[in-house]
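Below are the chains, spelled out letter by letter.
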Amino acid sequence: MKITFPHMGNAHIPIKALLSGLKLEVIPPPPITKRTLELGVKYSPEFACLPLKISVGSFIEALEQGADTVLMAGGWGPCRFGYYAQVERDILQDLGYSFRMVVLEAPDFKLSELLNQIKDLAGKVTTMEAVRAALFAWFKLNAVDRLEICLEKVLPRAVHKDEVMKTYHLALQEIDQADSREQVNRALSRMTTYMESFEQHHQPVLRLGLVGEIYTILEPSCNYHIIEQLGRMNVEVKRSVYTSNWVNDHLLGGMAKRTNRRQILASARPYLNYFVGGHGRETVGYAVEFARQRFDGIIQIGPLTCMPEIVAQSVLGQVGEQEGIPVMTMYFDEHSGAAGIQTRLEAFVDMLQRRNRLNQLQIQEDDVHAYVPGC
Amino acid sequence: MIKVGIPHSLFYFYYYPLWKTFFEELGAQVVRSHPTSRLTVDQGVRLAVDEACFPIKVYFGHVKELADRGVDYLFVPRLVSVEPKSYICPKFMGLPDMIRACISHLPPLIDITVDVSKTDKFLHKDIIRVGRIFGASSKSIRAAYQKGLQELRFCRALATQGLTPQEAIRVWEGDQAPEVGPERLRLGVLGHGYSLYDGVISMNLIQHLRTLGCRAILAEHVDPGVIEIHAATLCKRVFWTLGRNMVGSALHFDQDEQIDGIVYLACFGCGPDSLIGEIIERRIVNKPFIMLTVDEHTGEAGMITRLEAFVDMIERNRRRAIENHFSAHG
């Protein structure tokens, strides 16, 4: 059995560790290229959202490479994602591929059930080995997240941005290839120290909150490398979604590490008062949270026609007004051109910089009025 | 008398008799917005975010109209789930919040939350909460709700007689049932009810089909049990209530001898439509199938042309099938 799974940012590193720990032959999905997207667009329903199209393209390429089992996640709505696997199976079967599709349905999001499903898939491993594989995957996942956070911090401040990106990709490779915790740790600390040692400039760095739909946030080919693009404009990005936090909140019941999920959902009130599927409530909650932490701006991203994000977008205008923070929404589909996106980002960043300068001038002016002796 | 505004859009087509009876029993006056017009659309498009789907934009227009007419309360329910383990659509779940954020100077909203996915306990509590606004006792509130349900069942029974829900509501209010002309074809017509039965959103699809001599068979005309049986043939239960109805009816139409073809009306940017349409399209094997996608830019003439072509094609196929049965040897 040769198993493959969909791409989502750097999640392929821990997933690969998990599946190979379960003694499965893994064919990691090939990197997402223009061809992946073209294949996906050609065979997917026209109005489906971009993640579906990318994963269809991804599966086709993996099946071409000899995979015979496809691993996919499920769900029970109301977001479209819950029905992805069914539509994908239809599409791939009609294309004539013979394969087995394993859909991981976590009916009540319980880790034990999920583990059982994964164990059934593996077959020949003991429970001990399965647990060890899961723990190692969790370890790698955290390492990858720490690396991503390091990049988000270093890139906007570095003078030589290309060097940073090169080191980052190298570090990802090293973590991917590591076989033990020691190796992961060594690679991570060596590479992060190296990245932090790069020469830094002293220009002001803007802080931006990135909120929105999970796949678009995590997968650079889906968001046209927005974090890297912003980093190159000296903008530090903080995301609403980090893979390890998501796994912790939704699969581990918030047991593996501290979580602020409750607080975020509370922040969404009174703007959005009910669960709307997907990450709608998180988007609004994080936008409010970022505004209160005095971030300079917020960008909301999602795939075009994403239902929960449209609900969030409708109330974000009000959030921006009442919390006093500029908000921009960007939707991505297969037609978004990289140059157009860059222009919009540059304009938004320019606006934020001007706003900051004006605010500072205002503060200085106020100070002058306040402290002139004798007045 | 307290005036309660009910927008003539979205779940109006499914639940209006219930809501109207409920509020009137509690002593309120129900004000309904006018049927969708170009003005409603223009206002809605201006107020809603660009990415919202057409029916949501139209709903914004209706809300605006009612707000301008000066009602005391606006009835904007939050429909999460109307049956166990199913949802409607994320946009319905955030509707009152979207309305509040995008339209200023609104009268207070009655945003009752309908979520029976796990239990209907909270729904009953919320109904009591709403009833209290009108100063009624819990007993009379419950009685008003039961009366509403009764009227709703009656209206739905009317709809199964070949009427659309929109016509059924009119008949329920005392109008005459429309005349049904001679029929050449019987077509299964599918789509989300709030698009299909709204004259402007669907661009009078059903009316045009009738003019072409076709009888429209709707999901409401199919026995719910039959729909469930067909919908259950899919590997995974469809978790959208309306989506499951459409899949079940489509599979039923596909096997029903009396149906000549299937028309599917989708809205541009509708999430469930994008996947349900695909699933239906791949599973219809016996009948001609046409999918029409509408949004606020669509022109009616283009749609009529496509419908005419579709009907012509079915009739030509039928003639050919008959001709082929004539023996060349007499």
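Residues numbered from 1 in each chain as written. Chains lettered and ligands numbered in written order. Predicted model: local features only at pLDDT ≥ 70, side-chain atom pairs only at ≥ 80, totals over all residues.

Asker: What should I look at first to understand the overall build of chain A in this one?
Answerer: When helices and strands are counted, chain A shows 15 helices and eight strands. Its C-alpha atoms give chain A a radius of gyration of 22 Å, within 12% of the compact-globule value 21 Å for 375 residues. With the C-alpha coordinates of chain A rotated into their principal frame, the extents come out at 85 × 45 × 40 Å. With 375 residues in all, chain A has 47% of them scored as buried. In chain A, of all internal contacts separated by at least 6 residues, the share reaching a separation of at least 24 is 72%. (Helix = DSSP H or I, 4+ residues; strand = E, 2+ residues; numbered from the N terminus. Rg over C-alpha atoms; globule rule 2.2 N^0.38 Å. Buried ≥ 20, exposed ≤ 12 C-beta atoms within 10 Å, placed from the backbone. Contact = placed C-beta atoms within 7 Å.)

Asker: In this structure, what is going on with the environment of B:Ser138? I would like to understand it.
Answerer: Its place among the elements puts B:Ser138 in helix α7 (residues 138-159). Sequence-wise, B:Ser138 and B:Ile127 are eleven residues apart; in three dimensions their C-alpha atoms are separated by 9.3 Å.

Asker: Would you mind going over the environment of B:Val200 with me for this structure?
Answerer: All names here are of chain B. Structurally, Val200 can be placed in the loop between α9 (193-196) and α10 (205-211). Judged by local crowding, Val200 falls into the buried class, with 20 C-beta atoms found within 10 Å. Sequence separation between Val200 and Glu296 is 96 residues, and the spatial gap between their C-alpha atoms is 9.2 Å. Leaving out residues up to four positions away in the same chain, Val200 has contacts with Thr36, Ser37 and Val41.

Asker: How do you make sense of the interface of chain A and chain B when you look at a structure like this?
Answerer: By convention, interface size is frequently given as the accessible area that disappears when the constituent parts associate. At the interface, 34 residues of chain A touch 29 residues of chain B. Going through the elements one at a time, α4 (81-94) and α14 (307-323) of chain A are the ones with two or more residues in the side of chain A that touches chain B. Residue contributions to the side of chain A that touches chain B peak at nine residues, all from α14(A). Here the side of chain A that touches chain B is built from residues that sort into 19 nonpolar, twelve polar and three charged. (Nonpolar A, V, L, I, M, F, W, Y, C, P; charged D, E, K, R; others polar.)

Asker: Sorry, what's going on with the domain arrangement of chain B here?
Answerer: All names here are of chain B. Taken as a whole, chain B is organised into domain 1 (3-159) and domain 2 (182-325). Each partner contributes to the interface: domain 1 provides 24 residues, whereas domain 2 provides 23 residues. Sorting the residues of the side of domain 1 that touches domain 2 by element identifies α1 (12-25), α2 (38-47) and α3 (54-69) as the ones contributing at least two each. Broken down by element, the residue count for the side of domain 1 that touches domain 2 peaks at four residues, all from α3. Looking at side-chain class alone, the side of domain 1 that touches domain 2 contains 16 nonpolar, four polar and four charged residues. (Domains from an automatic or database assignment.)

Asker: Please explain the domain arrangement of chain A as it appears in this structure.
Answerer: Residue and element names in this part refer to chain A. Here chain A is described as being made up of domain 1 (2-125), domain 2 (138-200) and domain 3 (208-375). One C-alpha centre belongs to domain 2, the other to domain 3; they are set 24 Å apart. Listed as interface residues are ten residues of domain 2 and, on the opposing side, 13 residues of domain 3. Looking at the side of domain 2 that touches domain 3, the elements that each hand over two or more residues are α6 (127-154) and α7 (161-177).

Asker: Looking at this structure, I do not really get α3(B). What am I missing?
Answerer: Structurally, the α-helix is built with 3.6 residues per turn, so residues lying three or four positions apart point the same way. Residue and element names in this part refer to chain B. For α3, which comprises 16 residues, the first-to-last C-alpha distance of 23 Å matches the rise-based estimate of 22 Å (1.5 Å per residue) to within 8%. Taking burial as the measure, the 16 residues of α3 include 13 buried ones, the bulk of the element. Positive backbone phi, at 75 degrees, marks Gly70, one or two positions downstream of α3. (Expected span 1.5 Å × (residues − 1).)

Asker: I keep staring at unusual backbone geometry and nothing clicks. Help me out?
Answerer: In this structure, A:Pro270 follows A:Arg269 across a cis peptide bond, with omega equal to 0 degrees. Here A:Pro270 lies in the loop between α12 (261-268) and α13 (280-292). Notably, A:Arg294 is not glycine yet its phi reads approximately 60 degrees, a positive angle. Positive phi values are uncommon outside glycine, yet B:Met203 reaches one of about 50 degrees. The exposure class assigned to B:Met203 is partly exposed, which follows from the 19 C-beta atoms found within 10 Å.

Asker: Even after reading the chapter, I still don't get the nonpolar core, so can you show me in this structure?
Answerer: For soluble globular proteins, the rule of thumb is that nonpolar side chains tend to be buried together. Of all hydrophobic cores here, the largest spans 209 residues; its most connected members are A:Leu147, A:Ile175, A:Val284, A:Ala287, A:Val315, B:Val189 and B:Val247. Counting residues per element, this core draws most heavily on α6(A), at eleven residues. Setting aside residues up to four positions removed in sequence, A:Ala287 forms contacts with A:Gly209, A:Val211, A:Ile298, A:Leu316, A:Val319 and A:Val327. (Core = buried A, V, L, I, M, F, W, Y, C linked by C-beta atoms within 7 Å.)

Asker: Can you walk me through the sheet that holds strand β7 (residues 185-191) of chain B in this structure?
Answerer: Sheet strands associate in pairs through backbone hydrogen bonding, adopting either a parallel or an antiparallel arrangement. Residues and elements named next belong to chain B. Spatial strand order, β8-β7-β9-β10: four strands in an open sheet with parallel pairing. The strands lining the two open edges of the sheet, one partner per strand, are β8 (214-218) and β10 (289-294). With strand direction ignored, the average angle separating the axes of adjacent strands in the sheet is 30 degrees. Across six bridges, strand β9 (residues 261-267) lies against β10 in parallel orientation. Note on β10: the bridge partner recorded for Cys267 is Val294. (Pairing = 2+ DSSP bridges. Axes fitted to C-alpha atoms, helices over the stretch in contact; angles between N-to-C directions.)

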